[in-house]
Amino acid sequence: MFKNIVIAKVDKSYEQPLGLFIDNEFIKSRDEATIESLNPSTGEKIASFYAASEADVDAAVAAARRAFPSWSHTSPEERGILLRKLGDLIEQEKELLAAIETLDSGKPYKSNALGDLDQIISLTRYFAGAADKFSKGEYIPVNKDKYALTLKEPYGVVGQVVPWNYPLAMASWKIQGCLAAGNTIVIKPAENTSLSLLYAAQLFKKAGFPPGVVNIIPGHGGIAGSRLASHPDVDKIAFTGSTAVGQKIMSLAALSNLKAVTLECGGKSPAVIFDDASIEEAVKWTSMGIFYNSGQNCTANSRIYVQESIYEEFLSRFIKHVTTNWTFGEAADPFDNECTVGPVISKTQYDRIQSYIEHAQKNENLKTTQIGAAAPGCNGFFIPPTIVTDVPQDSKLMKEEIFGPVAVISRFRDYGEVIKLANDTNYGLAAAVFTESIRQANRFAHDIKAGTVWVNSSNDEEISVPFGGYKMSGIGRELGQSGMDAYTQTKGIHVNMAKL
Ligand SMILES: NC(=O)C1=CN([C@@H]2O[C@H](COP(=O)(O)OP(=O)(O)OC[C@H]3O[C@@H](n4cnc5c(N)ncnc54)[C@H](O)[C@@H]3O)[C@@H](O)[C@H]2O)C=CC1
Ligand code: BAL
């Protein structure tokens, strides 16, 4: 049920759990099916872990249901205390958890994985503090004969399905607020990145969360994920991943028991750079916004619009900056400090991203600049930072989420033109605007149809600020107070004081 794994680069050796985590114990899946986890920077196998069957999902849901009455009656203060302990335990194991993340997902250890862990620790403490504050209802004095109260109650058993781009962070965005609100959980990590959450399972137990409160069922989306979404005894389902799967989950939720749904799906987020902006800052932020995490970000600024009078200067500075700052490093090893662009997650994603680059070159004849290359013989899924320029609005690269290190850049004349271009998408997750004019920034922030707007920055999330999408980027919000509200339902209690 455990495998010893040595991560020599950071001098770590640890026991990796390989089972499903149900009722605070690791167990085999009923049919003993397994999934192999590969190291994306070498293509080598790390471990095989058990994959949940539909019957295993049912067992996990039953465990969560048994745990719910008692857990939902713990006081919010007590839930906060356990979350605080969890935050401390994660902090104590920060380097190991970051190393597991790098091994399993390929994200650079120093520049990405440790940052994910810092965010997770802060977020855990945030929801520890929020547990007894955001759980309060309202008092509504209706008239002299009547008052009303609202209660914020947990849903019950919550199913969660998370992706591979931020394995432990996306799980934490969902789990911590959900626990603070008094729900019990069955969560499915992504097939290719289950290791860090399985390791973290032990920390939930150690912090004192009772059996059945957090259940982790690694497994295939089409089996374990869809069973969770369609399960008649799951009260809410929360998902992060592709829009196509988000639609399936919503439909399964509707057709089973009309369970509540939160979806955080894809994006094609614009960054707009006006000619009064600091070009240096715009270059720094937009390159980070597309190359950080190898572009595998739902909020990646994957469409960059630059005002025509500064286009050429922006482009030459962008290319120069990327050449110096966004590289695989000498050895293409995400454990090396100079590696800031790791491999993408899998061969499937590698092929998919390459197909967009080839399409740009061969079918659309677009100018494509690639910076650096992986060393010959490297079997990892490395794609060099790629910059595609003067991309027309109807290009496939402007329309579809590439989810890789591919910057798509275009020019615009004026505000009226660019706001139309920026809004010309089915997605609406995020947008960035660069300008020194507060009036222009304010106008843009109001006109853009997106759930997040960054003014003179990009992709700098805050755990205290609600996050989520407009249009086909999703439904509902996570983080901030919304991170708990998403996991509570409101009951109105009417108290009649009038005597007949
Ligand atoms: N919004 C985001 O953060 C993410 C977006 N994506 C987008 O999705 C594209 C494809 O990546 P995939 O790995 O295929 O994403 P995906 O949407 O298939 O995977 C995300 C999660 O959904 C689960 N899943 C898959 N099919 C399911 C089903 N029928 N029912 C329930 N759960 C299911 C997976 O097991 C995984 O845990 C990427 O290129 C990217 O464009 C992928 C990951 C994260
Ligand atoms: N940056 C966290 C959300 C995402 O990219 O999936």
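All residue numbers here refer to positions counted from 1 along the written sequence of the relevant chain. Both sets of labels track the order of writing: A upward for chains, 1 upward for ligands. Local features in a predicted model are, by the rule used here, given only for residues with pLDDT of at least 70; side-chain atom pairs are given and counted only at 80 or more, and totals for whole chains, interfaces and linings are based on all residues. The side-chain numbers reported here are obtained from all heavy atoms of the structure, hydrogens and water having been left aside.

Chemist: Would you mind going over the domain arrangement of the protein chain in detail, with residue names and values included?
Modeler: Reported domain spans reflect what an automatic or database domain assignment gives. Taken domain by domain, the protein chain comprises domain 1 (2–265 + 475–490) and domain 2 (270–462). The C-alpha-based centres of domain 1 and domain 2 are spaced at 30 Å. Buried area between domain 1 and domain 2, summed over both chains or domains, comes out near 2300 Å², and the portion from carbon and sulfur atoms is 59%. Once two parts are joined, some of their accessible surface, as seen by a 1.4 Å probe, is lost; buried area is that loss totalled over both. Counting the surface domain 1 buries against domain 2, the share from its top three residues, Lys 9, Pro 40 and Trp 164, is 22%. Criterion for a salt bridge: a side-chain nitrogen of Lys or Arg within 4 Å of a carboxyl oxygen of Asp or Glu. Across the contact surface, domain 1 and domain 2 share 2 salt bridges.

Chemist: Can you tell me about the sheet that holds strand 8 (residues 146–154), naming the residues and giving the values?
Modeler: Strands pair, by our definition, only if DSSP identifies at least two bridges between them. Each helix is a run of H or I in the DSSP string that is no shorter than four residues. Each strand is a run of E no shorter than two, and both are numbered from the N terminus. The sheet built from 3 strands is open, its strands ordered 7-8-24 with antiparallel pairing. The strands lining the two open edges of the sheet, one partner per strand, are strand 7 (139–143) and strand 24 (488–496). Each strand of the sheet is rotated relative to its neighbour by a mean of 25 degrees, with strand direction disregarded. In the sheet, strand 8 pairs with strand 24 via 9 bridges, with the strands oriented antiparallel. Each bridged residue has a counterpart across the sheet, and for Leu 149 the counterpart in strand 24 is Ile 493. Think of each axis as a best-fit line through the C-alpha atoms, taken over the contacting stretch in the case of a helix, with angles from 0 to 180 degrees between the N-to-C directions.

Chemist: I'd like a rundown of the site of ligand 1, residues and numbers included.
Modeler: Every one of the 26 residues lining ligand 1 counts as a neighbour, but Val 162, Trp 164, Glu 191, Ser 242 and Glu 401 are closest to it. Under the rule applied, a polar contact is a pair of N or O atoms within 3.5 Å (in protein, one hydrogen donor and one hydrogen acceptor; residues adjacent in sequence only if both atoms are side-chain atoms). In this structure, a nitrogen atom belonging to ligand 1 sits 3.5 Å away from a main-chain N or O atom of Ser 226. A distance of 3.1 Å separates a nitrogen atom of ligand 1 from a polar backbone atom of Cys 265. Expressed as a share of its isolated accessible area of 810 Å², the protein-covered part of ligand 1 is 88%. Counting contributing residues per domain, the shell around ligand 1 is built from domain 1 (2–265 + 475–490) and domain 2 (270–462), each supplying no fewer than three. When we say a residue is near a molecule or strand, we mean one of its heavy atoms is within 4 Å of it. Per-residue and other accessible areas follow the Shrake-Rupley method at a 1.4 Å probe size, with only the shown protein chains counted as cover for residues.

Chemist: Which residues make up the UniProt feature "domain: Aldehyde dehydrogenase" (unreviewed entry) in the protein chain, and what are the values?
Modeler: Within this numbering scheme, the UniProt entry marks residues 27–491 as carrying the feature "domain: Aldehyde dehydrogenase" (unreviewed entry). In residues 27–491, the share of helix is 42% and the share of strand is 20%. The end C-alpha atoms are 38 Å apart. UniProt positions are given in the numbering used here, feature names are shortened, and annotations may be inferred rather than shown by experiment.

Chemist: Summarise the packing of helix 9 (residues 279–291) against helix 10 (residues 311–325); cite the residues concerned and give the values.
Modeler: Where helix 9 meets helix 10, the axes come as close as 9 Å, and the angle between the chain directions of the two elements is 55 degrees. Between helix 9 and helix 10, the angle is such that the two are oblique. Two packed elements cross with a definite hand, and for helix 9 against helix 10 that hand is right-handed. Contacts between helix 9 and helix 10 involve Ile 279, Glu 280, Ala 282, Val 283, Lys 284, Thr 286, Ser 287, Ile 290 and Phe 291 on the former and, on the latter, Glu 313, Phe 314, Arg 317, Phe 318, His 321 and Val 322. Should an angle fall under 35 degrees it is called roughly parallel, over 145 degrees roughly antiparallel, and 65 to 115 degrees roughly perpendicular, with every other angle called oblique. It is the rotation of the near helix from the far one that decides the hand of a crossing: anticlockwise by less than a right angle makes it left-handed, clockwise makes it right-handed. In what follows, residue pairs with any heavy atoms lying within 4.5 Å of each other are defined as contacts.

Chemist: With reference to specific residues and values, describe the site of ligand 2.
Modeler: Ligand 2 sits among Asn 165, Tyr 166, Met 170, Trp 173, Glu 264, Asn 297, Cys 298 and Glu 461. Measuring from an oxygen atom of ligand 2, one finds a side-chain N or O atom of Asn 165 at 3.1 Å. In this structure, Cys 298 approaches ligand 2 through a main-chain N or O atom, which is 2.8 Å from an oxygen atom. Relative to its free-state accessible area of 220 Å², ligand 2 is covered by the protein chains to the extent of 97%. For the shell around ligand 2, the two domains that each supply at least three residues are domain 1 (2–265 + 475–490) and domain 2 (270–462).

Chemist: So what about helix 10? Which residues, and what values?
Modeler: Given a helix with a known number of residues, its expected span is that number minus one, times 1.5 Å. Over its 15 residues, helix 10 runs 21 Å from end to end, which matches the ideal 21 Å to within 8%, given 1.5 Å per residue. Of all the residues in helix 10, the buried ones are Tyr 311, Phe 314, Leu 315, Phe 318 and Val 322. Buried residues of helix 10, seen end-on, are gathered within an arc of 95 degrees and therefore sit on one face of the element. Of the exposed residues in helix 10, the ones pointing more than 90 degrees away from its buried face are Glu 312, Lys 320 and Thr 324. Close packing links the buried residues of helix 10 with strand 14 (270–273), helix 9, strand 15 (303–307), strand 17 (386–389) and strand 18 (406–412). To sort residues, take the accessible area from a 1.4 Å probe on protein chains only and compare it with the maximum for the residue type: under 20% means buried, over 50% means exposed, and anything in between is partly exposed. Arc, as used here, means the arc of the directions from the helix axis to the C-beta atoms.

Chemist: Give me the sheet that holds strand 18: which residues, what numbers.
Modeler: In spatial order, the strands read 16-17-18-15-14-20-21; together these 7 strands make up an open sheet with mixed pairing. Every interior strand has two partners, whereas the edge strands, strand 16 (367–370) and strand 21 (452–455), have only one. Strand-to-strand twist across the sheet, computed as the mean angle between neighbouring axes with direction ignored, equals 20 degrees. With 4 bridges connecting them, strand 15 and strand 18 associate as parallel partners. Its bridge partner being in strand 18, Tyr 305 is matched across the sheet by Ser 410. Sheet strands in contact with helix 10 are strand 14, strand 15, strand 17 and strand 18, and its direction is about 165 degrees off that of strand 18.

Chemist: How would you explain the environment of Asp 485 if you had to name every residue and give the values?
Modeler: Within the element layout of this structure, Asp 485 appears in helix 15 (residues 482–485). Residue Asp 485 is classed as partly exposed on the basis of its relative accessible area of 31%. Asp 485 has contacts with Phe 134 and Lys 152, leaving out every residue within four places of it along the chain.

Chemist: Could you give an account of the UniProt feature "active site" (unreviewed entry) in the protein chain, with specific residues and numbers?
Modeler: Per the UniProt record, "active site" (unreviewed entry) is found at Glu 264. When you line up the elements, Glu 264 lands in strand 13 (residues 260–264). Beyond its immediate chain neighbours, meaning those up to four positions away, Glu 264 contacts Met 170, Phe 239, Thr 240, Gly 241, Cys 298, Leu 429, Phe 467, Ser 473 and Glu 478.

Chemist: Tell me what's going on with the packing of helix 4 (residues 109–130) against helix 5 (residues 167–180), and back it up with residues and numbers.
Modeler: The axes of two packed helices give the description: the angle between them and the distance between them. The contact between helix 4 and helix 5 brings their axes to 9 Å, and the two run at 5 degrees. Considering the angle they form, helix 4 stands roughly parallel to helix 5. Across the interface between the two elements, Leu 117, Gln 119, Ile 120, Leu 123, Thr 124 and Phe 127 of helix 4 pack against Leu 168, Ala 169, Ser 172, Trp 173, Gln 176, Gly 177 and Ala 180 of helix 5. For this classification, the nonpolar set comprises Ala, Val, Leu, Ile, Met, Phe, Trp, Tyr, Cys and Pro, the charged set comprises Asp, Glu, Lys and Arg, and every other residue, Gly included, is treated as polar. Taken together, the residues of the contact of helix 4 with helix 5 break down into 8 nonpolar, 5 polar and no charged.

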